[in-house]
Amino acid sequence: MDDNAQGQTPEELLRAFSKAHSSVSEEPENDASDPNNAAAPATNTTFDTDEFLKGLDALFDAHVARDKAEPYLKQAMADAENAGDDAGLLTVLNETMGFYRSHGKHKDNQWVIQRALELGLKMGIEGTEAWTTTLINAATGMRAAKQYDQAADLYQQALATAKKTLKPTDRRMAALHNNISMLYSETGKLEAAQRELETALSILEASSTNPQTDIDVASTHTNLALVLLQRASEAAKNKQNRQAQDSGNSDSPETVDSLLDQAMKHSLKTLEIYRNGHLEHSAHFASALAGYAQTCFAAGLFDKSIDSYRQALKVIKECYGTDTDYYRITAGNLAQVEETARAAKEAAGNSKTSESDNNPTQIGNTEEADNNATSPAPPEHCKNDVSPTSDHSEANHITLETKPAISGLKLARAYWEQYGKPMIAEKYPEYQGRIAAGLVGHGSECYGFDDRYSQDHDFGPGFCLWLTDEDYDAIGEHLQADYEALPQEFMGFGPRQSTARAQGGSRRTGVFRIGDFFAGITGYPAAPSNDKPHEWLLLDESTLAAATNGEIFADPLGAVSKTRQGFKMMPDDVRLSLISRRLGMIAQAGQYNLPRMLKRGDGAAAWLSIREFTTNVCSFVFLLNEPIRAGYMPYYKWQFAALRRLSGRMSTVLPDVCEQLETVLRLSSAACFGGSGFGEGGKGSAPAQKQIQDTIEHICAEIVAELKAEGLTNSDEEFLEWQRPYVEAHIGSDNPVLHSL
């Protein structure tokens, strides 16, 4: 999808603001609008925002931005900062966010996002259009880096601010709804994504002087087509998985066909608008072509899909170059369609009954350059065995009960030993001592928590193969093809069925560059250095858990193990800073707010206080036991499974906290909602409330005792907020991001 399809980009919204607030410099000796002079803005005691923007526009107009924009932006940051021009600096930071996002430099973008938000707060611009713009850019950068929780929070802040600062028909509101729709799409909330886009489209059509030539209207039609294709693919899967007696399911073949028809209409409308407006040379035209190509692929029109992808690549190359995520993803989509078309022709030659060309399927998102679109789904999705209209025969259907009891990690290792290792020895003998293998990342099997209920999604035979950049350039694509040619069924499992979030650029198995693999999970190809605590603090514990779990089956060069270990080596200053933060939330939620909410009779607020207390205590235990030994707390689904496992180890500190927390959770329903004080009758919730509060105080007392044993405090204060200064006194760095106010 196109992030900023609706008229002005968010970056442009700051220009009027910064122009009114920035100093005007003397006329520079060189014309900054000349791309030959644009790489080095003149250094003055004042900063001229207009000249900066002219120079940046000149770089893009001359199609040299890929090489020259980054040094130009960095110099502009320094100039604005030296001039003390906060408004000008905010403009530069917003432009930089857009550039880094569009060129896939998500690691570099993290500190820019943080700096822009901090600067906006320092300037006190909350409640202004400039703040709304900064929030949108920050959220979109986080979404592109797959930091979805942070992106959702920032988008909601932006929407709340926009409703106060913008009119309902303002095109910038359409841009915001468009961006939020992409977040929903990437996180699998497809109907919500469609609603956001329909809202955006209605705003645009109402505000446009001519919707029939409006490029923003066209882009929104493309985005709607892509979401409808995703919905069609999900509907097809639901049909495929439905039992014969579940006739009430609404995902009928007609629903799938209807969704595909709607997608095609939106795709064709997009191309019509571009042609009406003679906009075929616009950079956004590539997105329109790629969207149409995907729709054609889903409809089985492979030749048209291939032609459209090839046209899209020409436009992308001209406007953005070939060294971008956008070009690589689109090229990967083209290769996938070409391979699928070849397979379909072979199947048609071998079978008169083959109808796979007409089956809806899904390939990766063909988003604009600043989106982390995923690559196509495997060719198998085009075959009859996954057709929305085909049925599984009883002879081929394997139920959970008939499969062997084996964990995903053991299945992956056995699959590697039986098929992966021999394949490499036979076809890549000279790389045998260079290719690493294992299973790491998202998925319950990577944590060792999977069971038979885990096998209904993102499960099956598969493993990861990791290559250095040099080796990937030499054999990566061929090795991926050979990996995909391995038997798809193994030990009664398979073929591996992946959900939308585990496909394309987010796929969990196959061949990867080492750096790209870890960047796909964390946003960083390698762990941040110790002198960049702000980058460490941007990484969720659950993200770090996913990057450091699983098993390495083979690592001849040691490169994967070294990178993985780097993410376990959280700097101690960062760990202590997080421990301090957890102490604050444990005190706030459990010791302070919970009793107050219970006294007020607000059961819902009390329950949420217990949830915050529990999550922060769990995190505290992992951090106090040190990630290098204990690992990180995973996301909520496996939080207690991981804590139970950690608590069972002999060397773990605070091993009995897990059982106490489970007691608190068990009693929470009665304490918060079970008594007459909440209007539900009964004997009252007082006994459960008292037991919970006694347990919380016992946990907090244990925490203080352990802090003293670790040498992190000499205070007996059991209200944990007051323990924070003692812990933070052990932080060696004076970097303000590590310290509380």
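Worth saying up front: this structure is predicted, and the values here are computed from it rather than measured.

Conventions and cut-offs
- Counting from 1, residues in each chain are numbered in the order their sequence is written.
- Local features in a predicted model are, by the rule used here, given only for residues with pLDDT of at least 70; side-chain atom pairs are given and counted only at 80 or more, and totals for whole chains, interfaces and linings are based on all residues.
- Derived side-chain values reflect all non-hydrogen atoms in the structure, with water molecules and hydrogen atoms excluded from consideration.
- The secondary structure listing takes helices from DSSP runs of H or I that are at least 4 residues long and strands from runs of E that are at least 2 residues long, numbered from the N terminus.
- Think of it in three bands: residues with accessible area under 20% of the maximum for their type are buried, residues over 50% are exposed, and the middle band is partly exposed, with areas taken using a 1.4 Å probe on protein chains only.
- What makes two residues a contact is simply this: any of their non-hydrogen atoms within 4.5 Å.
- Accessible surface area values rest on a Shrake-Rupley calculation with a 1.4 Å probe, where residue burial reflects the displayed protein chains alone.
- Take the buried Ala, Val, Leu, Ile, Met, Phe, Trp, Tyr and Cys residues and link them wherever side-chain atoms come within 4.5 Å; each set so joined is a nonpolar core.
- Every angle, taken between N-to-C directions, lies between 0 and 180 degrees, and every axis is a line fitted to C-alpha atoms, over only the stretch in contact when it is a helix.
- Throughout this description, any angle smaller than 35 degrees is read as roughly parallel, any larger than 145 degrees as roughly antiparallel, any in the 65 to 115 degree range as roughly perpendicular, and the remainder as oblique.
- Helix crossings get a hand from a simple test, with the near helix turned counterclockwise from the far one by less than a right angle marking a left-handed crossing and a clockwise turn marking a right-handed one.
- Just so you know the grouping, Ala, Val, Leu, Ile, Met, Phe, Trp, Tyr, Cys and Pro go in nonpolar, Asp, Glu, Lys and Arg go in charged, and all remaining residues, Gly too, go in polar.
- In what follows, salt bridge is the name for a side-chain nitrogen of Lys or Arg lying within 4 Å of a carboxyl oxygen of Asp or Glu.
- If DSSP finds at least two bridges between two strands, the strands pair.
- The span expected for a helix works out to 1.5 Å for each residue beyond the first.
- pLDDT is a residue-level measure of predictor confidence that goes from 0 to 100.

How should I be thinking about the overall build of the protein in this particular structure?
Scanning the protein for helices and strands turns up 28 helices and four strands. Relative to its 741 residues, the protein shows a buried fraction of 54%. For the protein, the proportion of contacts with a sequence separation of at least 24, taken over those separated by at least 6, is 71%. Here the protein has roughly 32,300 Å² of accessible surface; of this, 49% comes from carbon and sulfur atoms.

Would you mind showing me how to read the nonpolar core here?
One recurring pattern in soluble globular proteins is that nonpolar side chains are buried together. Membership of the largest hydrophobic core comes to 181 residues, with the highest contact counts inside it found for L465 and W466. If you tally residues by element for this core, the top one is helix α22 (residues 572-600), at eleven residues. For W466, the residues in contact, after removing those within four places along its chain, are R434, I435, A436, A437, G438, L439, V440, F512, I514, F517, I552 and V560. Listed in part, the ten residues of the second largest apolar core include L228, V256, L259 and A298.

Got a minute to help me understand the environment of A671 in this structure?
On the secondary structure map, A671 appears in helix α26 (residues 657-673). On a C-alpha basis, the gap between A671 and A686 in space is 6.9 Å, while along the polypeptide they are 15 residues apart.

Hey, could you run me through the packing of α26 against helix α27 (residues 686-709) in this one?
For any two helices packed against each other, the geometry comes down to the angle between their axes and how far apart the axes lie. With their axes 9 Å apart at the nearest point, α26 and α27 run at an angle of 155° to one another. By the angle between their axes, α26 is roughly antiparallel relative to α27. Once α26 is placed against α27, the crossing between them reads as left-handed. Contacts between α26 and α27 involve V657, Q660, L661, T663, V664, L667, S668, A670 and A671 from the former and A688, Q689, Q691, I692, T695, H698, I699 and E702 from the latter. The residue makeup of the contact of α26 with α27, split by class, is nine nonpolar, seven polar and one charged.

Would you mind showing me how to read the side chain of S308 here?
In this fold, S308 is placed in helix α13 (residues 302-320). When neighbours within four sequence positions are excluded, S308 is seen to be in contact with L289, Y292 and A293.

How do you make sense of the pattern of salt bridges when you look at a structure like this?
Taken as a whole and assessed by the stated rule, the structure comprises 31 salt bridges. A salt bridge links R513 to D469; the shortest N-O distance between them is 3.5 Å. You can see R513 sitting in strand β3 (residues 510-513) and its partner D469 sitting in helix α17 (residues 469-484), a full 44 residues away along the chain. Residues joined by salt bridges that share partners form a network here, namely D469, D473, R513 and D516.

Help me understand the sheet that holds β3, please; the structure alone is not making it clear to me.
The pairing of strands in a sheet comes from backbone hydrogen bonds and takes either a parallel or an antiparallel form. A sheet is described by the order of its strands in space; here four strands give the open sequence β3-β2-β1-β4, paired in mixed fashion. The outermost strands of the open sheet, each flanked by one partner alone, are β3 and β4 (551-554). Taking each pair of neighbouring strands and ignoring which way they run, the sheet shows an average axis angle of 35°. Looking at chain direction, strand β2 (residues 464-467) and β3 are connected through four bridges and run parallel. Pairing of L467 across the sheet is with R513, part of β3. Packing of helix α18 (residues 514-522) onto the sheet brings it into contact with β2 and β3, and relative to β3 it is tilted by some 95°. Contacts from helix α21 (residues 559-568) reach β1 (436-439), β2 and β4 within the one sheet, and its direction differs from that of β4 by about 165°.

Where do I start with helix α12 (residues 285-298) in this structure?
In an α-helix, one full turn covers 3.6 residues, which means residues spaced three or four apart are oriented alike. With 14 residues, α12 extends 20 Å from end C-alpha to end C-alpha; this agrees with the ideal 20 Å at 1.5 Å per step. In the stretch just after α12, G300 is the one whose phi turns positive, near 85°.

Would you explain unusual backbone geometry in this entry?
The bulk of non-glycine residues show a negative phi, and the bulk of peptide bonds are trans. Despite not being glycine, K146 shows a phi value in the positive range, around 65°. With respect to the secondary-structure elements, K146 resides in the loop between α6 (129-144) and α7 (148-165). At L654, a residue that is not glycine, the phi angle is positive and equals roughly 55°. On the secondary structure map, L654 appears in the loop between α25 (639-647) and α26. Residue L654 is classed as buried on the basis of its relative accessible area of 5%.

Help me understand the confidence of the model for the protein, please; the structure alone is not making it clear to me.
Low pLDDT means the predicted atomic positions in that stretch should not be read closely. Across the protein, pLDDT averages 79, with 79% of residues at or above 70. Ignoring residues within four places in sequence, the model shows residues 351-403, a span with pLDDT below 50, making 138 contacts including any to other chains. pLDDT under 50 marks residues 675-683. Its contacts with residues more than four places away, or in other chains, come to 20 contacts.

Explanation requested: helix α9 (residues 190-207) in the structure shown.
Given a rise of 1.5 Å per residue, 18 residues ought to cover 26 Å, and the 26 Å separating the end C-alpha atoms of α9 matches this to within 8%. Every buried residue of α9 is accounted for by L190, A192, A193, Q194, E196, L197, A200, L201, I203 and L204.

I'm lost on the packing of α22 against α27 in this one. Help?
Across the interface, α22 lies against α27 with an axial gap of 11 Å and an inter-helix angle of 160°. When the axis of α22 is compared with that of α27, the two are roughly antiparallel. Considering how the two elements wind past one another, α22 and α27 form a crossing that is left-handed. Taken together, the residues of α27 that come into contact with α22 (itself represented by L583, I586, G590, Q591, L594, P595 and L598) are Q689, I692, Q693, I696, E697, C700, I703 and L707. By residue class, the composition of the contact of α22 with α27 is ten nonpolar, four polar and one charged.

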